[in-house]
Amino acid sequence: MFTAQPRSTPLSSEIQHVLTVRSPEIISRRKIGEIPRNRSCWKVKAVIQSGNDNKTVKDANMVEKSGEKSNGSLVSSAKGRDVKAVITLRKKMKEKITDKIEDQWESLMNGIGRGILIQLISQDIDPVTKSGKFAESYVRGWLSKPSDHPYIVEYAANFTVPHDFGRPGAIIITNLLDKEIHLVQIVVHGFNEGPLFFSVNTWIHSQKDNPESRIIFQNQAYLPSQTPPGIKDLRREDLLSIRGNGKGERKLHERIYDYDVYNDLGNPEKSEDLARPLIGGKERPYPRRCRTGRGPTKTDPLAERRIEKPHPVYVPRDETFEEIKQNTFSAGRLKALLHNLVPLIAATLSSSDIPFTNFTDIDKLYNDGFVLNEDKHSQKNKFLSDTLDKVFSVSKRMLKYEIPAIIKRDRFAWLRDNEFARQALAGVNPVNIELLREFPIVSKLDPAVYGPPDSAITKDLIEQELNGLSVEEAIEDKRLFILDYHDMLLPFVGKMNSLPGRKAYASRTLFFYTSRGVLKPIIIELSLPPTPSSPRNKRIFSHGHDATNHWIWNLAKAHVCSNDAGIHQLVNHWLRTHACMEPYIIATHRHLSSMHPIYKLLHPHMRYTLEINALARQSLINGGGVIEACFSPGRYSMEISSAAYKSMWRFDMEALPADLIRRGMAVEDPSTPLGVKLIIEDYPYAADGLLIWSSIKEYVESYVAHYYSEPNSVTSDVELQGWWNEIKNKGHPDKKNEPWWPKLVTKEDLSGILTTMIWIASGQHAAINFGQYPFGGYVPNRPTLMRKLIPHEDDPSYENFILHPEYTFLASLPTQLQATKVMAVQDTLSTHSADEEYMHQLHEIQRFSVNDHEVLKIFERFCAKLEEIEDTINQRNKNIHLKNRSGAGIPPYELLLPTSGPGVTCRGIPNSISI
């Protein structure tokens, strides 16, 4: 791949002029690390330090001389060793004319040696400067060497270093061009150890934006105490530069990581209705987000000024999407635009936001697409009509949704009780069902505010459904389960129901596990806040045997599904994965050097998360955003998320086995290979999840043991201890004093913490994210909000319900506009991009472990284990005895299959939360 640099051509008079007039300031600015310099204003010389001597070697003609060698090879001479650094850059995939002009200018500047300055820093100390020995050279050459990849270009910088220079451990790179460059890697040839790799995949800012240079470390892992002396100061200095000083507004080219509260969700300057309370602090605790430093709004000094789309929100530069991901996400947003804009116009032209009137209306979204009906309004607005004609004529396919998996095999599956129960174990939100361990069911809310604490679900009601068992026997046999959203939602139901077009209950759903191994719902309790006339405002529903009770039961199930959809999105998906990972990522960058083995372990699991979270704050969870517009909690969505964080989030309970045991869905059992035994064996999320968890745990334990083999090596690791302390004190400061935080003393402690983090970023997020459209894309199966309460017999609407139960049911669901909005978002969020990196593709580990055969073996064992797990899951999906993942019309449970292709596949575990 790497060959000798092409021979350069003589300098033209114009280029000589560019050299002569170039500002000396650019050459003489201080570089990070304060390494001594010896340069003229434009004829740059390379300085090489060795012992007490400062030897000046010629740099200007190195490339030409290298090219004149008979075979282009690197040689050693009496003066020193000739070495070459090959620099790989990535260009844009889609270039505008201005980009192409800039590329030509970049090639020119690199050709004359005025584009990129490279400084090799030895691992060995120079006794005079007490810093690492160094050598510097400009990238030179007229033409970049094209690689096999059309978007990759390579340049070279040549050095002559003394024989006692030692091994390079770092490179300082200065970008003198007028724009940033994307550095893929630097490979240094000519040392006895063979090629030395510096794989970084990072953006290097232009010196006009920031005079400080960038430090790049070799692909070798070192604990802080093991850092070679020549690069020890650079390791510390690089971390300090990443932390920033906590002041000022961040610029898009920066890579500074810091913390802030969620004070950027509202937009009080635009409208009072868009003002939102600060999330994060004593009143509304929450994990912290990445700080942008934008100033306050004029109307609320506690609210941060908004940046509205399409303008980007700051995230550290290397956290932004690569171009393939940008294209994929843009495609998704384009689909969302067409799904959203066209129904919005249709609703506007129709003078109302209409509900679905029959199930055929819903089917048309998949069969025909969403087509605007001509009416008098569209005739009046010819421009709008012509525009819509163009949109439909070129994009009609994009207006037609794919048939969701839930109705692809059996369009009526969603109506059945066993499917309603199955989705609590194998759906997109299988993490809230609990074993019922106590009876009667009692609320923990304040009875003075929320009424009597006892549930309206009585012993007699339950025993009618238990086939002769008593409640006590069913509890003892572990056959009663509950989906309990009562205490989480009741404090907000009154406010939610005051919003236009929203009607919700706090819900409890009781399930019975039959002797045939099937889970079935038996009772639903729906509660409203108490009133003077109805202090016990609770209704009980059970599946009936007549038509009226059948439709009432379906309405009750729909309300439960709506609550489940809201809790899934705001608590289990956003809070427990996206929001909680963000401070782990910030702390990792701030405290663990890129040389740190734990940084290298975590790095694949941090990819794109800060960027997708910033986009969510801008367009999804913000005031007036999609979540507020389309989910029951509306403007109170983030307050519910905060309340859930306050009442139930614990780091130690985010480990999968601990969570299953906490919910009573598993018990500890040391005799089993995974250490726990499931109460319901046919619990696909838990059964497959434990396989993934176990493989991560084994992988992490082996990796940690490899680097922390010495006694006290964990407690003596200053970077690691600073990292864990900051996660607790700055990342989750509202819970910093909780006693349940794990200690970080032993390698077992460290392995447990890391296994939990990697599980959250990979398996857990995959399980609750990539099924959103397959399960939620059919609105009746999983409505995100309900617009009507269930009619009583004495309600005026009850007679209409009796006459038109289907219309009453559909009119309670989201409107056509709300449904198409949320379906577009679910489709986008369920999509794998073309550049997705899955768990068996830990490129970071492979890159830095080229010379560490033991780490490569650990990684290879992990990959082999994942292949076994994929085979096991595929076999489980063919097992006719596992009724929650096989059977007539039942979609297989594939959300935790490790691999996937691009698109909406309902399978695949990416390394990180990247959508």
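Residues numbered from 1 in each chain as written. Predicted model: local features only at pLDDT ≥ 70, side-chain atom pairs only at ≥ 80, totals over all residues. Heavy atoms only, no water.

Peer 1: I'd love a proper account of the overall build of the protein, names of residues and values included.
Peer 2: When its secondary structure is counted, the protein shows 30 helices and 23 strands. A burial count over the protein gives 58% of its 915 residues as buried. For the protein, the share of sequence-separated contacts (at least 6 apart) that also reach a separation of at least 24 residues comes to 75%. Here the protein has roughly 37500 Å² of accessible surface; of this, 53% comes from carbon and sulfur atoms. (Helix = DSSP H or I, 4+ residues; strand = E, 2+ residues; numbered from the N terminus. Buried < 20%, exposed > 50% of the residue type's maximum accessible area, 1.4 Å probe, protein only. Contact = heavy atoms within 4.5 Å. Areas by Shrake-Rupley, 256 points an atom, 1.4 Å probe, with all protein chains shown as cover.)

Peer 1: Which residues make up the environment of Phe-159, and what values do they have?
Peer 2: With respect to the helices and strands, Phe-159 occurs in strand S8 (residues 152-161). Separated by 77 residues in sequence, Phe-159 and Asp-82 have C-alpha atoms that sit 5.7 Å apart.

Peer 1: Provide a residue-level description of the side chain of Gln-721, including the pertinent values.
Peer 2: Inspection of the secondary structure assignment puts Gln-721 in helix H23 (residues 718-731). A polar side-chain atom of Gln-721 sits 3.0 Å from the main-chain carbonyl oxygen of Val-714. In contact with Gln-721, other than residues within four places in its own chain, are Val-714, Thr-715 and Leu-744. (Polar contact = N/O pair within 3.5 Å; in protein donor to acceptor, adjacent residues only side chain to side chain.)

Peer 1: Report on the pairing of strand S6 (residues 132-138), specifying residues and quantitative values.
Peer 2: Burial analysis of S6 places 7 of its 7 residues in the buried class, the great majority of the element. Alternating positions in S6 separate into two faces, Gly-132, Phe-134, Glu-136 and Tyr-138 on one and Lys-133, Ala-135 and Ser-137 on the other, with burial throughout. Examined bridge by bridge, strand S5 (residues 116-125) and S6 share 6 bridges and lie antiparallel to one another. Looking across to S6, one finds that Ile-125 is bridged to Gly-132. (Pairing = 2+ DSSP bridges.)

Peer 1: So what's going on with the packing of aromatic side chains? Residues and values would help.
Peer 2: For the structure on display, the rule yields 26 aromatic pairs. Between the aromatic rings of Tyr-699 and Phe-862, the centroid separation amounts to 4.4 Å while the plane-to-plane angle is 10°, which identifies the pairing as stacked. Residue Tyr-699 is found in helix H22 (residues 684-707), and its partner Phe-862 is found in helix H30 (residues 853-876); the two are separated by 163 residues along the sequence. For the pair shown, Tyr-699 and Phe-862 are each scored as buried. Taking the centre distance of 5.0 Å and the plane angle of 35° together, the rings of Trp-740 and Trp-741 count as tilted. Here the two residues Trp-740 and Trp-741 agree in accessibility, since each one is buried. Members of the aromatic cluster, connected to one another through ring pairs, are Tyr-262, Tyr-286, Tyr-584, Tyr-645, Trp-649, Phe-651, Trp-723, Trp-724, Trp-740 and Trp-741. Over the ring of Tyr-262 we find Arg-617; its NZ or CZ atom is 5.9 Å from the centre of that ring. (Phe/Tyr/Trp six-rings, centres within 6.5 Å; stacked < 30°, edge-to-face > 60°. Lys NZ or Arg CZ within 6 Å of the ring centre and 35° of its normal.)

Peer 1: I'd like a rundown of unusual backbone geometry, residues and numbers included.
Peer 2: Trans peptide bonds make up most of the peptide bonds, and negative phi angles are found at most residues other than glycine. Residue Pro-440 is reached from Phe-439 by a cis peptide bond, and omega for that bond is 5°. Mapped onto the elements of the fold, Pro-440 is located in the loop between strand S15 (434-435) and helix H12 (447-450). Backbone geometry at Tyr-608 places phi at a positive 70°, although glycine is not the residue there. With respect to the helices, strands and loops of the structure, Tyr-608 is situated in the loop between helix H17 (597-602) and helix H18 (609-619).

Peer 1: Break down the sheet that holds strand S19 (residues 538-541) for me, with residues and values.
Peer 2: Pairing is antiparallel in the open sheet, where 5 strands are placed in the order S15-S16-S17-S18-S19. Taken across any chain shown, the strands that pair with only one partner, and hence form the sheet edges, are S15 and S19. Here strand S17 (residues 506-513) pairs with strand S18 (residues 519-527) via 8 bridges, running antiparallel. Following the sheet pairing, Ser-507 is matched in S18 by Leu-526. Against the sheet, helix H15 (residues 486-497) touches strand S16 (480-484), S17, S18 and S19, its axis set at about 155° to S17. (Axes fitted to C-alpha atoms, helices over the stretch in contact; angles between N-to-C directions.)

Peer 1: Explain the packing of helix H16 (residues 547-591) against helix H20 (residues 637-648) residue by residue, including any values.
Peer 2: Between H16 and H20, the shortest axis-to-axis distance is 9 Å and the interhelical angle comes to 65°. Compared by their axis directions, H16 and H20 come out roughly perpendicular. In this structure, H16 meets H20 at a crossing whose hand is right-handed. Across from Leu-570, Val-571, Trp-574, Leu-575 and Arg-576 in H16, the residues of H20 making contact are Ser-637, Met-638, Ser-641, Ala-644, Tyr-645 and Met-648. Grouping the amino acids of the contact of H16 with H20 by side-chain chemistry returns 8 nonpolar, 2 polar and 1 charged. (Parallel < 35°, antiparallel > 145°, perpendicular 65-115°, else oblique. Left-handed = near helix turned anticlockwise from the far one by under 90°. Nonpolar A, V, L, I, M, F, W, Y, C, P; charged D, E, K, R; others polar.)

Peer 1: I'd like a rundown of the pattern of salt bridges, residues and numbers included.
Peer 2: This structure, assessed with the given rule, holds 40 salt bridges. In this structure, Arg-576 and Asp-659 form a salt bridge, with 3.9 Å as the shortest nitrogen-oxygen distance. With Arg-576 in helix H16 and Asp-659 in helix H21 (residues 656-662), this pair connects stretches of sequence that are 83 residues apart. This pair shows no difference in class: Arg-576 is buried, exactly as Asp-659 is. Across the pair Glu-701 and Lys-697 runs a salt bridge whose closest N-O atoms are separated by 2.9 Å. (Salt bridge = Lys/Arg side-chain N within 4 Å of Asp/Glu carboxyl O.)

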